[in-house]
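Now for the letters of each chain:
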Amino acid sequence: MNKKDNIILIGFMGCGKSSVGYRLSYAMRRTLIDTDKLIEKQQDMTISQIFRDKGEQAFRQMETDCIKGLIKTADRQIISTGGGLPMKEENHALLKQLGTVYYLKVTKEAVYERLKGDTTRPLLQGDNPQGKIEELLAKRAPVYEACADYVIEVSDKSFEEIIGEICKKEKVRQ
């Protein structure tokens with residue numbers, strides 16, 4: 001099975017996958033697909049509602065099914081994934097098949113600053129969001145790195161710098 005010509009953005013919540021994806025799709029004149037938004041549309045529910053009503057495990061299976069569907073349909077697109085999607089081992093090979101995987105690497109401090117007022121993130125609800133970010137990031141970062149073709153540190157970079165790095169790598173790859 002040939003690798004498809006998509007650009008896949010993975011990384012922790014708050015790293016900028018959606019924002020970078022949107023700007024990158026404009027810069028490269030490619031359509032953006034956000035797997036979370038796609039799942040919300042398919043389920044006619046928000047991610048928070050899916051977590052609450054169906055549970056995290058059901059949502060994680062929806063993510064895998066979403067990637068399998070995109071392998072059949074998506075080509076020359078920008079795909080922004082949910083932060084937990086790469087955590088499922090099965091999804092690594094699927095993502096590699098779907099295209100070139102970019103890990104937008106962010107520090108725990110940057111995540112907290114970006115998300116401290118956000119109440120829509122089910123995994124950050126509770127008393128100690130900073131502790132939760134640190135714990136989740138420690139668990140996820142090595143998995144993101146293992147899954148990625150390229151790692152881009154994004155904490156202190158502008159969108160233009162991040163997009164410039166991706167575009168440069170894409171030109172080299174073609």
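Let me begin by describing the structure that accompanies this report. It should be emphasised that the depicted structure is a prediction, and the values quoted were computed from it without experimental measurement.

Judged by nonpolar contacts, the single largest core of 50 residues is most densely connected at I10, F12, L104 and I166. Among residues more than four places away in sequence, those in contact with F12 are K17, V106, V111, I133, L136, L137, R140 and Y144.

Two elements in contact, helix 3 (residues 47–54) and helix 4 (residues 56–73), have axes whose closest approach is 7 Å; the angle formed by their N-to-C orientations is 125°. Compared by their axis directions, helix 3 and helix 4 come out oblique. Note on element contacts: helix 4 touches helix 3 through E56, A58, F59, R60 and M62, opposite I47, I50, F51 and K54. Each residue belonging to the contact of helix 3 with helix 4 can be placed in one class, and the counts come to 6 nonpolar, no polar and 3 charged.

Let us look at helix 1 (residues 17–28). Counted at 1.5 Å a residue, the expected span for helix 1 with its 12 residues is 16 Å, and the 15 Å between its end C-alpha atoms agrees. Within helix 1 the residues assigned to the buried category are K17, V20, G21, L24, S25 and M28. Each buried residue of helix 1 lies within a common arc of 135° when the element is viewed along its axis, so the set occupies one face. With respect to the buried face of helix 1, the exposed residues turned more than 90 degrees away are Y22 and Y26. Of the residues flanking the end of helix 1, it is R29, one or two places downstream, whose phi is positive at about 55°.

Definitions and limits used
- Residues numbered from 1 in each chain as written.
- Predicted model: local features only at pLDDT ≥ 70, side-chain atom pairs only at ≥ 80, totals over all residues.
- Heavy atoms only, no water.
- Core = buried A, V, L, I, M, F, W, Y, C linked by side-chain atoms within 4.5 Å.
- Buried < 20%, exposed > 50% of the residue type's maximum accessible area, 1.4 Å probe, protein only.
- Contact = heavy atoms within 4.5 Å.
- Axes fitted to C-alpha atoms, helices over the stretch in contact; angles between N-to-C directions.
- Helix = DSSP H or I, 4+ residues; strand = E, 2+ residues; numbered from the N terminus.
- Parallel < 35°, antiparallel > 145°, perpendicular 65-115°, else oblique.
- Nonpolar A, V, L, I, M, F, W, Y, C, P; charged D, E, K, R; others polar.
- Expected span 1.5 Å × (residues − 1).
- Arc of directions from axis to C-beta.

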